[in-house]
Amino acid sequence: MVRIDGAAVAAKVLVETKQRVDALRQRGIQPGLAVVLVGDDPASRAYVRSKDRKAAELGLHSVKEELPADTTQEQLLALVEKLNADPAVHGILVQSPPPPQIDEAAIVRAIDPSKDVDGFHPVNVAKLALEDPTGFVPCTPLGCIRLLQESGIETAGKNAVVVGRSMIVGKPMALLLMKRGPGGDATVTVAHSRTKNLAAVTRAADIVVAAIGRPHFLGADHIREGAVVIDVGINRIDDPSNPKGYRLVGDVDYDAVADRCAAITPVPGGVGPMTIAMLMSNCVTAAERLTA
Ligand code: GUN
């Protein structure tokens, strides 16, 4: 069994990204990333802090905008418009999920597609579906594909099952796996909460991507001998023995399935570090394109 080291692959992506940052700085350009958080969800706050910190480490111009939980749609739209117009900002990210009074789809549509480093804008979703490389691809699925490639795992002709159909992970992951070319060409099945006999579906998979958001949802029954498992889940579960009172577990019961897998990503230390690394890479891509 290979334990896929997401931190090591992320470090490699960040070294490449830093070289691209340096090349831009030689031209007098500093890539800028704006990260917007509305409200005080603890997990979102932690993600936003890591994104901001990583951007600063790489020498990006990093703008962290924290808005109160009662922010209105109009106030958030006004901030997005301001960031769209700011030439020092090349990438804009509004942390999901926002509070309930916010119409998230409308906010995403307001972001300039050329600054949409999350790849959530309809223009970028369409470009992914069209296999047009000029768009932006969501960071988490992009990171999963990179992990497979860096681990030497062939996807062409393989049966890949994506569990979860979210706009952030499941759907773009399925599109990437079926895309023509390296990291793609798989035979893709998307399973979700209405799928019948999930275990029979996932047991047919050479590659399982778990993106359901439920702790330890997939166990030994779901994974066949020799499968590759990419666990996207980051779930907080109560753990009184931990000083924080919780610990992070994936959507896959790692201990129950690790022995039977050819390769598996741990949680934490698998997909998580890749998401941030791909975000930095997307932001530098945005800066390269906007200043070409
Ligand atoms: N919430 C969970 N993952 C993501 C992500 O990749 N981008 C944003 N904006 N919000 C998220």
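Residues numbered from 1 in each chain as written. Predicted model: local features only at pLDDT ≥ 70, side-chain atom pairs only at ≥ 80, totals over all residues. Heavy atoms only, no water.

### Quick word on the overall build of the chain
Of regular secondary structure, the chain possesses ten helices and eleven strands. Long-range pairs, those at least 24 residues apart, make up 70% of the contacts in the chain between residues at least 6 apart in sequence. Summed over its atoms, the accessible surface of the chain is roughly 13300 Å², and 53% of this surface lies on carbon and sulfur atoms. For the chain, the distance from the average site of its 32 positive side-chain charges to the average site of its 34 negative ones is 2 Å. (Helix = DSSP H or I, 4+ residues; strand = E, 2+ residues; numbered from the N terminus. Contact = heavy atoms within 4.5 Å. Areas by Shrake-Rupley, 256 points an atom, 1.4 Å probe, with all protein chains shown as cover. Lys, Arg positive; Asp, Glu negative; His and termini not counted. Charge placed at Lys NZ, Arg CZ, Asp CG, Glu CD.)

### Regarding the environment of V188
Residue position: V188 is located in strand β6 (residues 187–191). Spatially, the C-alpha atom of V188 lies 17 Å from that of L130, the residues being 58 residues apart in sequence. Sequence-distant contacts of V188, that is, excluding residues within four places in its chain, are made with A160, V162, A174, L177 and M178.

### Points about helix α10 (residues 271–290)
The end-to-end C-alpha distance of α10 is 28 Å, a good match for the 28 Å that 20 residues give at a rise of 1.5 Å each. Most of α10 sits inside the fold, with 15 of its 20 residues counted as buried. (Expected span 1.5 Å × (residues − 1). Buried < 20%, exposed > 50% of the residue type's maximum accessible area, 1.4 Å probe, protein only.)

### Some thoughts on the pairing of strand β7 (residues 207–210)
Across the two faces of β7 the burial is the same, with I207 and V209 and V208 and A210 all buried. Pairing analysis gives four bridges linking strand β5 (residues 159–163) to β7, with the strands arranged parallel. Bridge pairing in β7 links V163 to A210. Note: β7 against strand β8 (residues 228–231), four bridges, orientation parallel. The residue of β8 that forms the bridge with I207 is V228. (Pairing = 2+ DSSP bridges.)

### What to know about unusual backbone geometry
In this model, S96 is joined to P97 through a cis peptide bond whose omega is 0°. Its place among the elements puts P97 in the loop between β4 (91–94) and α4 (104–110). Residue P268 is reached from V267 by a cis peptide bond, and omega for that bond is -5°. Tracing the sequence through the fold places P268 in the loop between β11 (263–264) and α10. Positive phi outside glycine occurs at E131, with the angle close to 60°. Mapping E131 onto the fold places it in the loop between α5 (122–130) and α6 (139–150). Phi at H216 is positive, roughly 55°, even though this residue is not glycine. Inspection of the secondary structure puts H216 in the loop between β7 and β8. Its relative accessible area of 34% is what places H216 among the partly exposed residues.

### So, the packing of α6 against α10
Contact pair α6 / α10: the axes reach a minimum separation of 8 Å and the direction vectors enclose 110°. When the interaxial angle is binned, α6 and α10 end up roughly perpendicular. Packed against α6, whose contacting residues are C139, T140, L142, G143, C144, R146 and L147, the element α10 presents V271, M274, T275, M278, L279 and N282 at the interface. A per-class count over the contact of α6 with α10 returns eight nonpolar, four polar and one charged. (Axes fitted to C-alpha atoms, helices over the stretch in contact; angles between N-to-C directions. Parallel < 35°, antiparallel > 145°, perpendicular 65-115°, else oblique. Nonpolar A, V, L, I, M, F, W, Y, C, P; charged D, E, K, R; others polar.)

### Here's the deal with the sheet that holds β8
Taking strand neighbours across the sheet as the criterion, the six strands line up as β1-β11-β8-β7-β5-β6 in an open arrangement whose pairing is parallel. This sheet does not close on itself; its edge strands, each paired only once, are β1 (2–3) and β6. Bridge count between β8 and β11: two bridges; the pairing is parallel. Residue pairing in the sheet places V229 in a bridge with I264 of β11.

### A closer look at the site of the ligand
Taken together, K51, L93, V94, Q95, S96, D118, F120 and I168 make up all the residues around the ligand. Measuring from a nitrogen atom of the ligand, one finds a side-chain N or O atom of Q95 at 3.2 Å. In the model, a nitrogen atom of the ligand is placed 2.6 Å from a nitrogen or oxygen of the D118 side chain. Protein contact buries 84% of the 280 Å² of open area that the ligand shows by itself. (Near = heavy atom within 4 Å. Polar contact = N/O pair within 3.5 Å; in protein donor to acceptor, adjacent residues only side chain to side chain.)

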